[in-house]
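Structure assessment
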Amino acid sequence: LVDETEVEVFSVPSYACQRRTTLDNHNNVLAHALSLLAENAELEDEDGRGVAFRRAAAVLKALPKPVTSMMQLRGLPCLGDHCLRVIKDILETGTSSEVEATKQSERYKALKVLTGIFGVGAKTAARWIRDGIHTLQQLRDSGHTLNRAQQAGLEHYEDLHQQVTKAEADTIGEIVERAVVSVLPGAQVVLTGGFRRGKLTGHDVDFLITHPVEGREEGLMPKVVSWLESQGFLLYQKTTRNSYLESNDGPARPASNIDRFERCLSIFKLIKEDKHETKQLGKLSENGLETPEDTCSSLTHVQTDPNPATPSCAKGQIHSGEDTGHRLWRAVRVDLVVSPISQFAFALLGWTGSKLFERELRRWAGYEKAMSLSSHALYDNNQSRYLRATSEEEIFAHLGLEYIPPSERNA
Ligand code: DGT
Ligand code: MG
């Protein structure tokens, strides 16, 4: 029996945006188990349940020490009966039977494989499973019509399931920067998403683009995409006007700016760095942009092949890796977003994540402050006006929150 007076009872604020959550945490096993149940709920298109598990996982990530006894959890927010049962199971037996059963379930496995295809969501996957499709091969053989995104997703499935490293993200960053300043000098590119929060790997690379003079960013996205396309960097792209309409957010999106905020979902063709070759062919210049033409650096990669799936650099004999079975490029998911400078702080905050942190910020704004926050603006319903901000710090201040830096937004 544990003496209750000796048990350290944890306490954390209710909203993830009130807490500092680093990448490291003291309760990885528990958080991971609850995240898997969250993932499973999301795969089943049950977002409400998914969020409940995500919130619970985030509470565990924020605790200052490993949980050793259920009594420590008394009074913690976001831990419902279901989550407590899972935690108890793990504390007592080392594993959760529900989590293990989920991992083994055919449906979970099939949903994960199918939604793992870029362009395939939970609803589509569920429909395919009803048609008896559980694997990629079955999907290929089924004759189902795939849209352009799904075709690209299937074609590059393996590459897109390999984690992107920070080094790869930085290389892509240099390419994007080069594209952006070529078509609009003075424009700026910022790495957002998980990499901005200090993650060392990611499932994609996220960039936010702006220009210090309001309005100059208009029409930028198509030009950037054309430039990237002309240089052979894109295996797939789809540019959309931002359709980030969270129905609860009311007027957080200024109507006049709708057309200026654009997003491009893309798949990049990234030439793999080969240290041996780089050595053979000479050093990269300081900025990495002046590599001799035949060195096949991703930065000098000029597409000459009409088939973008073939790396143009393969033209040089030195780069005949494909003949020997080593492909010298890989596909990487890249998201580009353009924001006018007046909305930049909101866009930066909104695209840095984590997803749960974002969600909690908006929940905090709505429920605690009667404000509507989006990646475009902050609207104060009490004062019936927009609150301006030129930095993330100012937005936190408007929301009455202590500033949390990106590295501590890993909820
Ligand atoms: P990753 O890529 O798996 O390493 O992890 P993250 O945190 O980079 O996640 P990701 O790339 O899915 O999204 C980056 C952030 O961008 C995410 O935390 C929230 C935000 N975000 C994602 N999708 C949307 C969207 O459709 N609209 C807006 N405004 N923000 C989004
Ligand atoms: Mg990302």
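Residues numbered from 1 in each chain as written. Chains lettered and ligands numbered in written order. Predicted model: local features only at pLDDT ≥ 70, side-chain atom pairs only at ≥ 80, totals over all residues.

Brief notes about the sheet that holds strand β10 (residues 385–386)
Inclusion rule: Here, a strand pair is defined by DSSP locating no fewer than two bridges between the strands. Here a helix means four or more residues in a row that DSSP labels H or I, a strand means two or more in a row labelled E, and each is numbered from the N terminus.
An order of β8-β9-β10 is seen for the three strands of this open sheet, with the pairing classed as antiparallel. Only two strands of the sheet have a single neighbouring strand rather than two, namely β8 (371–373) and β10. Here strand β9 (residues 378–380) pairs with β10 via two bridges, running antiparallel. Its bridge partner being in β10, aspartate 380 is matched across the sheet by arginine 385.

Here's the deal with the sheet that holds strand β5 (residues 234–241)
The condition that has to hold: Axis definition: a line fit to C-alpha positions, over the contact stretch in the case of helices; interaxial angles, taken between N-to-C directions, run 0 to 180 degrees. Throughout, a residue-residue contact means that the two C-beta atoms, derived from backbone geometry, are no farther apart than 7 Å.
Across the sheet, which stays open at both edges, the five strands sit in the order β2-β4-β7-β6-β5 with mixed pairing between neighbours. Where the open sheet ends on each side, the last strands, each with one partner, are β2 (188–191) and β5. Neighbour to neighbour, the strand axes of the sheet diverge by 25° on average, direction disregarded. Direction of pairing for strand β6 (residues 262–271) relative to strand β7 (residues 329–338): antiparallel, over a ladder of ten bridges. In the strand pairing of β7, serine 266 is matched with valine 334. Each of β4 (205–210), β5, β6 and β7 is contacted by helix α12 (residues 220–230), which is oriented at about 175° to β5, the strand it contacts most.

Thoughts on the UniProt feature "binding site: Mg(2+)" (unreviewed entry) in the protein
What counts, and what does not: UniProt positions are given in the numbering used here, feature names are shortened, and annotations may be inferred rather than shown by experiment. Every C-beta atom is placed from the backbone, and the number of other C-beta atoms within 10 Å of a residue's own sets its class: buried at 20 or more, exposed at 12 or fewer, partly exposed in between.
Listed under "binding site: Mg(2+)" (unreviewed entry) in the UniProt record, and renumbered for this structure, are Asp204, Asp206 and Asp335. Their sequence span is 132 residues, while the largest C-alpha to C-alpha distance among them is just 7.4 Å; these annotated residues converge on one region. Exposure remark for aspartate 204: the 20 C-beta atoms within 10 Å place this residue in the buried category. For aspartate 204, the residues in contact, after removing those within four places along its chain, are Val164, Arg333, Val334 and Asp335. Inspection of the secondary structure assignment puts aspartate 206 in strand β4. Here aspartate 206 falls in the buried class, since 21 other C-beta atoms lie within 10 Å of it. The residues contacting aspartate 206, other than those within four sequence positions of it, are Thr192, Gly193, Asp335 and Trp351.

With respect to the confidence of the model for the protein
Condition: Confidence of the predictor at the level of single residues is captured by pLDDT, which takes values from 0 to 100.
Averaged over the protein, the pLDDT score is 88; the fraction of residues at 70 or greater is 82%. Confidence drops under a pLDDT of 50 for residues 244–249, and excluding neighbours within four residues, the segment shows seven contacts in the predicted structure. Confidence over residues 278–320 falls short of pLDDT 50; this stretch has 66 contacts with residues more than four positions distant or in other chains. The complex model carries a pTM of 0.87, and its ipTM stands at 0.96.

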